[in-house]
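For reference, the chains in residue letters:
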Amino acid sequence: MRLDRSAGVFCHVTSLPGRHGIGDLGDGAAAFLSFLGDADVDHWQICPIGPTTDGAAESPYQSPSAFAGNPLLIDLGGLVADGWLDESDLEPVPDFPDHRVDYGAVREYKLPLLRTAFERFDEGAGEEAAGELDAFREREPWLAEYALFRALSEARSEETWVDWPDPLRTRDPEALAEARERHATEIRFREFAQWTFDRQWREMRAVAAEEGVSVVGDVPIYVALDSADVWANPEAFRLGAGNRPTAVAGVPPNPGDDGQRWGNPVYDWERLAEREYDWWVARFRRLFDLADVARLDHFLGFVKYWAIPADRDDPAAGEWREGPGRDLFETVERELGQAPFIAEDLGFEEPAMNEIMAEFGFPGMRVPQYADWCEEGNPYQPMHYPEGVVGYTSTHDTDTWVGYFEGLPERQRDCFRYNVGADGDRGIEWEIVDEVWDSEAVLAMTTMQDLLGLGSESRFNEPGTVDGNWEWRLTRDQLDDAIADRLWDLAGRHVR
């Protein structure tokens, strides 16, 4: 797989403008895509689009499904156009904050409206619409298990499925059949919400294609323990008695830190290999049904992974185990063709990982916030990026460029200005955008926060923290024509 020399902007869907408290797949997405088209931007990168939960602090990387879409992203205006809501149903719209998502308030407002739309659909859908939903059920084999899982989670008091009674936890067929009958209405609602999301997503993708913009999705290597993925596919994970995890993911201690225990169940790669990686092939097939390119988070984990005994809290108790390596990606190529992946390889030096990336043509990542600006030849300085990487000004996990720069020691700031020839005539954020665009990196990426010159108060996520993440939003007037013009000019000057 080979990307063309091009450029992109990161902005998660939740961050888009809109009047219902959160970015959605309606007019705000269309306005953002129009902005990217005017700016001659080729790619729009997002975080995972699965459902989020309050229990996981709204992290899109701890979703109850690797296949489903987030119902909070459904455009209510689209449901009005479908005839399943009236404009009057949407009133009064709460006084949502303009620059952040209040997830609790959004759920309180949107979910009852989604249920109202479902009830009207359930009572009076015409043959065509009902047939489309039936076709979606048949086309997406993950849907039935996901809908049952969410229905059971909604009805039960336990915090996670790991604490469900044994017949449900271990998926006794009689218990599951009885649950499907008991929760039939809730299951149909969950299926309706996913079908609606899917239709609106495809409509949004069509708008993106008209603007010449491809969508860059995101694949967390691990899935949440409390997910339909683990509950419905126990054979894909290292589970023991009662379908409880025997080992969980993390990273080992390094000089200066204690390591991390993420808590996600690890995969049973040996059994998956025997099944020709069926779960992963299905996951990637769904992904490329929704996106054009995909970033593989923690790519090292496909080569080797740190497994911590599930009953131990200390990351140092783990051990390195061998991942599937090239065997997985050879299987994916046989099943799906060449897959356009970006490999998140930050922070690890592993020859076997680099060999696989080179063999399959997966570009890695470079982020200038990791640079020593006073060190000659530092590999994170954009002027030293090789062609086979994606260069970012910032990512969803880092500070904004302005926030990062303001926190740099004065000597590092002076070295940066010297290295890039900063003359003070433009904001420091445009200095780094210009440098990344000018680099040899095949794909240059920035964020909306960096284009707007925003500080640390506008960063999207701070790893290791819980409060205040995944909330940042932009308003319609921040999709400024002047910014689009500057990006358009950079694309021409740097041949992107």
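Above: the structure in question.
Description of the structure in this document. (Residues numbered from 1 in each chain as written. Predicted model: local features only at pLDDT ≥ 70, side-chain atom pairs only at ≥ 80, totals over all residues. Heavy atoms only, no water.)

### Side note on helix α13 (residues 351-360)
Thinking step 1. Looking only at α13, the buried set comprises Met 353, Ile 356, Met 357 and Phe 360. In a view along the axis of α13, the buried residues occupy a sector of 100°, so they form one face of it. Exposed residues pointing more than 90 degrees away from the buried face of α13 are listed as Pro 351 and Ala 358.
Thinking step 2. Turning to α13, the residues buried within the fold contact α12 (326-336), β9 (341-343) and β10 (364-366).
Thinking step 3. In the segment just after α13, Gly 361 is the residue with positive phi, at about 75°. (Buried < 20%, exposed > 50% of the residue type's maximum accessible area, 1.4 Å probe, protein only. Helix = DSSP H or I, 4+ residues; strand = E, 2+ residues; numbered from the N terminus. Arc of directions from axis to C-beta. Contact = heavy atoms within 4.5 Å.)

### What to know about the environment of Pro 234
Thinking step 1. Among the secondary structure elements, Pro 234 is positioned in the loop between α9 (228-232) and β4 (247-251).
Thinking step 2. You can call Pro 234 buried: its relative accessible area is 18%.
Thinking step 3. Considering only alpha carbons, one finds Pro 234 and Ala 307, 73 residues apart in sequence, at a separation of 17 Å.

### What to know about the side chain of Gln 381
Thinking step 1. You can see Gln 381 is positioned in the loop between β10 and β11 (389-392).
Thinking step 2. Within the structure, the side chain of Gln 381 is placed 2.8 Å from the backbone oxygen of Asp 372, a separation counted as a polar contact.
Thinking step 3. Beyond its immediate chain neighbours, meaning those up to four positions away, Gln 381 contacts Ala 371, Asp 372, Trp 373, Cys 374, Glu 375 and Asn 419. (Polar contact = N/O pair within 3.5 Å; in protein donor to acceptor, adjacent residues only side chain to side chain.)

### Examining the pattern of salt bridges
Thinking step 1. Throughout the structure, instances matching the rule amount to 41 salt bridges.
Thinking step 2. When the shortest N-O distance is used, the salt bridge between Arg 202 and Asp 289 registers 2.6 Å. Of this pair, Arg 202 sits in helix α8 (residues 184-210) while Asp 289 is found in helix α11 (residues 278-290), placing the two residues 87 residues apart along the sequence.
Thinking step 3. When its relative accessible area of 30% is taken as the criterion, Asp 289 is described as partly exposed.
Thinking step 4. Of the charged contacts, one joins Arg 321 and Glu 319 as a salt bridge, the two residues approaching to 3.0 Å between their closest N and O atoms.
Thinking step 5. Overall, the relative accessible area of 26% leaves Arg 321 in the partly exposed class. (Salt bridge = Lys/Arg side-chain N within 4 Å of Asp/Glu carboxyl O.)

### Some points on the nonpolar core
Thinking step 1. Phe 32, Trp 44, Trp 201, Trp 280, Phe 299, Phe 329 and Met 448 are the most contacted members of the largest nonpolar core, which totals 142 residues.
Thinking step 2. Filtering out sequence-adjacent residues up to four positions away, Phe 32 remains in contact with Val 9, Cys 11, Leu 16, Trp 44, Met 448 and Leu 479.
Thinking step 3. Counting 12 residues, the second largest nonpolar core, distinct from the first, contains Leu 3, Val 216, Leu 346 and Leu 443. (Core = buried A, V, L, I, M, F, W, Y, C linked by side-chain atoms within 4.5 Å.)

### So, the pairing of strand β1 (residues 6-10)
Thinking step 1. Burial of β1 is extensive: 5 of the 5 residues sit out of reach of the surface.
Thinking step 2. Taken together, the 5 bridges between β1 and strand β12 (residues 443-447) define a ladder with parallel strand orientation. From the neighbouring strand, Ala 7 faces β12, where its bridge partner is Ala 444.
Thinking step 3. Where β1 meets strand β2 (residues 43-45), 3 bridges bridge the pair, whose relative direction is parallel. Residue Phe 10 lies in a different strand from β2, and its bridge partner there is Gln 45. (Pairing = 2+ DSSP bridges.)

### Thoughts on the sheet that holds strand β8 (residues 319-322)
Thinking step 1. As summarised here, the arrangement of the 4 strands in space is β5-β4-β7-β8, forming an open sheet in which the pairing is antiparallel. Lying at the two open borders of the sheet, with one neighbouring strand each, are β5 (260-265) and β8. Each neighbouring strand pair of the sheet contributes to a mean axis angle of 50°, computed without reference to strand direction.
Thinking step 2. In this structure, β4 lies alongside strand β7 (residues 304-309), joined through 4 bridges in antiparallel fashion. Bridge assignment links Gly 250 to a residue of β7, and that residue is Trp 306. (Axes fitted to C-alpha atoms, helices over the stretch in contact; angles between N-to-C directions.)

The quantities given are spatial measurements derived from coordinates; they are silent on function.
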